[in-house]
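Coordinate analysis (summary)
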Amino acid sequence: FSMYDARNSVIYWWPSTVANATGGQIVDPRSGEILKGEVNMFHNIMDLQKSWYFIQVGPLDERAQSLPMPDSLMGRLVEYVVTHEIGHSIGFPHNMKASSQYPADSIRSTSFLERMGGSHVATLMDYSRFNYAAQPEDDIPLEYLIPKVGPYDDFAVNWGYAEIPGARTPDDELETLDAWARQQDEFPWLRFSTPDAAGSDAGNLTEAVGDADAVKSTTYGMRNLQRVMDMMLDVTETPGQSYAELENMYGQAVGQWGRYMGHVAAIVGSAETQERYGTGPRFTPTSPERQREAMQYLGQTAFHVPTIFLDEQILRRIEPAGVVARFRTQQSRVINNLLSQARLERLIEFEALDGNGAYSIADLMSDLRTGVWGELTDPRVTIDTYRRNVQRAFLDAVDNRLNPTEEELSRPNNPAPAPWASDIRAVLRAELQDLDTAAQTAMDQAGDDMTRIHLRDIRTEIERILGTE
């Protein structure tokens, strides 16, 4: 047979350095019938899977604590990706909302996982990866660490492919199909990504586990990441071999930390969403309490570099320099995420509709002041390299909001919003003016020369951004 014959569905294995996989189909344009499904597995997907598994759940599985991982484990990881891509080949889109439909503590329970088919996420069509919320003391069976076909998948197959007796045309099926879809009102694990959410749903995330409560699941994930860092050198160092694997795994760990912080940042200015189709509100602003909790967590965790990543035994094996730049990049992403135009506009609108009870843009600025600039109130101010980077990243993000370029303002189809068109300009200008006053006071109390130089530079940057220099 020919692999390219439209009558043959095929899983292709490509000898490629690409670390990816895809699924697709050939469709009869007259009827929508899928004639051929195909899955493309690029060989280096296994390298990515190995890294994910080690970084997320390595402390829970002894098989992942030595490299290379055994074929029995790697085969299961390949199976997981093939099954996801087969979902695409039979017409399923991604459903990134599924990972937020199980409580964060429930996916640490073997009995709960058994009831839900042995998987910590309701569908394989999410990018949920491995159960990093599980802890060693939970004794979760190893097969439950990897996503499996879940209740949403069973529902979606039935919705898409089951025969409906008596239906002679597609229109005849609508009433039954809509009734099936309404099961999500009772069973949240049957919910799917809400159209028009446009990045506003903090439960509709990639690479997340247990993001019904991202602060809690991230706390659990960080405990496992601590364990990973403790064993990383032992697992990756082999006499006679280069440190390429150590460098890869260290970079993966830093990237995982950044993703965790992004999951928490997504809570701010977010809405809880559910598709309704004429049966009620689809968007409910996330409670102010959850948003404040998220900002408190970020203030304690995202804006300070965890000491687990500053192990000289690791760093001096992989690079002469680089850790400062690695965390500058990750922390800049978090701050730019929090200060994105869309997020700030949502906060303004939520306050306009909900009144004084909403978490407002002013609240965000106050929490960022505490998290990013807390040293300015210390009796003898000292600001280390990593914190200086965070503070500069804050100013860069504010500058981007207040001073978009002419090219950005005139960009076709996607122009940058004019800074004078909302409360954003007023709030950010006021914040910079207050910071300038605080930095001036702190300069007189600086505990070392670099802190004093940094604060002088901060004041100069604020003048430039505000156009007052």
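What you see is a predicted model, and the numbers here were worked out from it, not measured in a lab.

Calculation rules
- Residues numbered from 1 in each chain as written.
- Predicted model: local features only at pLDDT ≥ 70, side-chain atom pairs only at ≥ 80, totals over all residues.
- Heavy atoms only, no water.
- Helix = DSSP H or I, 4+ residues; strand = E, 2+ residues; numbered from the N terminus.
- Buried < 20%, exposed > 50% of the residue type's maximum accessible area, 1.4 Å probe, protein only.
- Axes fitted to C-alpha atoms, helices over the stretch in contact; angles between N-to-C directions.
- Parallel < 35°, antiparallel > 145°, perpendicular 65-115°, else oblique.
- Contact = heavy atoms within 4.5 Å.
- Nonpolar A, V, L, I, M, F, W, Y, C, P; charged D, E, K, R; others polar.
- Phe/Tyr/Trp six-rings, centres within 6.5 Å; stacked < 30°, edge-to-face > 60°.
- Lys NZ or Arg CZ within 6 Å of the ring centre and 35° of its normal.
- Salt bridge = Lys/Arg side-chain N within 4 Å of Asp/Glu carboxyl O.
- Core = buried A, V, L, I, M, F, W, Y, C linked by side-chain atoms within 4.5 Å.
- Pairing = 2+ DSSP bridges.
- Arc of directions from axis to C-beta.
- Patch = residues over 30% accessible without salt bridge, like charges linked within 9 Å, V, L, I, M, F, W, Y side chains within 5 Å.
- Areas by Shrake-Rupley, 256 points an atom, 1.4 Å probe, with all protein chains shown as cover.
- Expected span 1.5 Å × (residues − 1).
- Polar contact = N/O pair within 3.5 Å; in protein donor to acceptor, adjacent residues only side chain to side chain.
- 1 Å grid on protein atoms, 1.4 Å probe; cavity = no way out; pocket = protein on both sides within 12 Å on 5 of 7 lines; lining within 4 Å.
- Points joined across faces, edges and corners; volume = space filled by probe spheres on them.

Overview of unusual backbone geometry
Leu-67 connects to Pro-68 through a cis peptide bond whose omega is 0°. Relative to the helices and strands, Pro-68 is located in the loop between helix H1 (45-57) and helix H2 (71-89). In this structure, Asp-196 is a non-glycine residue whose phi angle is positive, near 75°. Take Asp-196: it is sitting in the loop between helix H5 (170-181) and helix H6 (214-236). The exposed category is assigned to Asp-196, whose relative accessible area is 63%.

Section: the packing of H6 against helix H8 (residues 288-301)
Running from N to C, H6 and H8 cross one another at 25°; their axes reach a closest spacing of 10 Å. Judged on the interaxial angle alone, H8 and H6 are roughly parallel. In contact with Val-215, Thr-218, Thr-219 and Met-222 of H6, H8 contributes Glu-293, Ala-294 and Tyr-297. Residues belonging to the contact of H6 with H8 are distributed by class as follows: four nonpolar, two polar and one charged.

Thoughts on the packing of aromatic side chains
Across all of its chains, the model carries twelve aromatic pairs by this definition. A centroid spacing of 5.3 Å and a plane angle of 65° characterise the contact between Trp-257 and Phe-327, whose relative ring orientation is edge-to-face. With Trp-257 in helix H7 (residues 244-265) and Phe-327 in helix H10 (residues 323-338), this pair connects stretches of sequence that are 70 residues apart. When sorted by exposure, Trp-257 lands in the same class as Phe-327, which is buried. Between the aromatic rings of Trp-373 and Phe-394, the centroid separation amounts to 5.8 Å while the plane-to-plane angle is 85°, which identifies the pairing as edge-to-face. Of this pair, Trp-373 sits in helix H12 (residues 361-373) while Phe-394 sits in helix H13 (residues 385-402), placing them 21 residues apart in sequence. For the pair Trp-373 and Phe-394, a shared accessibility class is recorded, and that class is buried. Among the aromatic residues, ring-to-ring pairing joins Tyr-250, Trp-257, Phe-309 and Phe-327 into one connected group. The side chain of Arg-108 reaches across the aromatic face of Tyr-220, ending 4.5 Å from its centre. Above the ring of Tyr-127, the side-chain terminus of Arg-129 is found at 4.5 Å from the ring centroid.

Some words on the pattern of salt bridges
Taken as a whole, this structure holds 25 salt bridges when the rule is applied. Across the salt bridge formed by Lys-97 and Asp-201, the nearest N and O atoms sit 2.6 Å from each other. With a gap of 104 residues between them, Lys-97 in the loop between H2 and helix H3 (110-115) and Asp-201 in the loop between H5 and H6 connect regions that are remote in the sequence. Classification of Asp-201 by relative accessible area gives buried; the value is 6%. For Arg-464, the salt bridge identified is with Glu-461, shortest N-O distance 3.0 Å. Highlighted residues: Arg-464 and Glu-461, both in helix H16 (residues 449-466), separated by three residues, approximately one helical turn. Here Glu-461 falls in the partly exposed class, since its relative accessible area comes to 22%.

Considerations on the nonpolar core
In terms of nonpolar packing, the biggest core is built from 121 residues, with Met-232 and Tyr-250 touching the most fellow members. Of all the elements, H6 adds the most residues to this core, at eleven residues. Setting aside its immediate chain neighbours within four residues, Met-232 contacts Phe-54, Ile-55, Leu-246, Met-249, Tyr-250, Ala-253 and Ile-314.

Let's talk about the sheet that holds strand E1 (residues 10-14)
By way of backbone hydrogen bonds, the strands of a sheet pair with one another, either parallel or antiparallel. Spatial strand order, E1-E3-E2: three strands in an open sheet with mixed pairing. The open sheet is flanked by E1 and strand E2 (21-27), the only strands paired with a single partner. Each strand of the sheet is rotated relative to its neighbour by a mean of 20°, with strand direction disregarded. Note: E2 against strand E3 (residues 34-42), seven bridges, orientation antiparallel. The residue bridging Val-27 from the neighbouring strand is Ile-34, located in E3.

Some points on the side chain of Asn-95
Along the polypeptide, Asn-95 turns up in the loop between H2 and H3. If we ignore the near neighbours within four places in the chain, the residues touching Asn-95 are Thr-123, Met-125, Asp-126, Tyr-152, Arg-191, Phe-192 and Ser-193.

Things to note about the packing of H13 against H16
In contact at an axis separation of 11 Å, H13 and H16 are set at 5° when each is read in the N-to-C sense. One way to sum up the angle between H13 and H16 is to call them roughly parallel. Residues Arg-388, Gln-391, Arg-392, Leu-395, Asp-399 and Leu-402 of H13 pack against Met-450, His-454, Ile-458, Glu-461, Ile-462, Arg-464 and Ile-465 of H16.

A word on the pairing of E3
Sheet topology note: the E1/E3 ladder contains five bridges and is parallel. Looking at E3, one finds that Trp-13 is bridged to Met-41.

Digging into helix H4 (residues 151-161)
Of the residues making up H4, those classed as buried are Tyr-152, Asp-153, Phe-155 and Ala-156. Along the long axis of H4, the arc covered by the buried residues comes to 160°, so they all point the same way. On its buried face, H4 sits against H5.

As for a nonpolar patch on the surface
On the surface, Ile-11, Ile-86, Ile-90, Val-157 and Tyr-161 cluster together into a nonpolar patch covering about 420 Å² of accessible area. Of note, Ile-11 is situated in strand E1.

Re H13
With 18 residues, H13 should reach 26 Å at 1.5 Å per residue; the first-to-last C-alpha distance of 26 Å fits that figure. In terms of residue burial, H13 counts as a mostly covered element, since 13 of its 18 residues are buried. Backbone nitrogen of Tyr-386 and a side-chain oxygen of the N-cap are separated by 3.2 Å at the start of H13; the cap is Asp-384.

Some words on the layout of surface pockets
Its boundaries defined by the atoms lining it, the largest pocket holds a volume of some 580 Å³. Forming the walls of the largest pocket are 23 residues, and the residues nearest its centre are Tyr-152, Phe-155, Trp-159, Ala-181 and Phe-192. Elements with a contribution of two residues or more to the lining of the largest pocket: H4 and H5. Ranked by residues supplied to the lining of the largest pocket, first place goes to H4 with six residues.

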